[in-house]
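Tertiary structure, described
Next come the chains, spelled out residue by residue.
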Amino acid sequence: TEARVQAELAELERTFEDDVQALDEAYDAQLDELTEITVKPKSTDIQIHFVALAWLPYTRDSKGRLSAAFTLNED
């Protein structure tokens with residue numbers, strides 16, 4: 001019945017909250033030791049396939065608000 005399902009859902013939510021609380025207490029990211037790793041880029045790993053410039057005009061009304069001065073065609 002609906003009451004039984006609601007009770008099961010409430011129990012699952014309580015269990016979930018308890019599990020989240022336990023994980024939160026067990027792990028503190030502030031205590032993790034960080035190690036710096038330097039990654040050097042290689043010019044052979046860079047490929048430029050396409051370069052484009054897009055400009056979308058906007059207009060400013062008398063109250064200083066911007067509004068689009070264009071329409072997008074979504075085909």
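These lines cover the structure that appears in this document, whether it is placed above or below. Quick caveat: nothing in here was measured; it's all calculated off a predicted structure.

Attention now moves to the pattern of salt bridges. The full count for this structure, using the stated rule, is 3 salt bridges. The closest approach of N and O atoms between Glu 11 and Arg 14, which form a salt bridge, is 2.8 Å. Placement of both Glu 11 and Arg 14 in helix H1 (residues 2–26) is noted, with a separation of 3 residues, approximately one turn of the helix. We classify Glu 11 as partly exposed; its relative accessible area is 41%. Classification of Arg 14 by relative accessible area gives partly exposed; the value is 47%. In this structure, Asp 61 and Arg 65 form a salt bridge, with 3.3 Å as the shortest nitrogen-oxygen distance.

A few words on the environment of Asp 18. Within the fold, Asp 18 resides in helix H1. Once the C-alpha coordinates of Asp 18 and Leu 34 are considered, the two residues, 16 residues apart in sequence, prove to be 29 Å apart.

Calculation rules
Residues numbered from 1 in each chain as written. Predicted model: local features only at pLDDT ≥ 70, side-chain atom pairs only at ≥ 80, totals over all residues. Heavy atoms only, no water. Salt bridge = Lys/Arg side-chain N within 4 Å of Asp/Glu carboxyl O. Helix = DSSP H or I, 4+ residues; strand = E, 2+ residues; numbered from the N terminus. Buried < 20%, exposed > 50% of the residue type's maximum accessible area, 1.4 Å probe, protein only.

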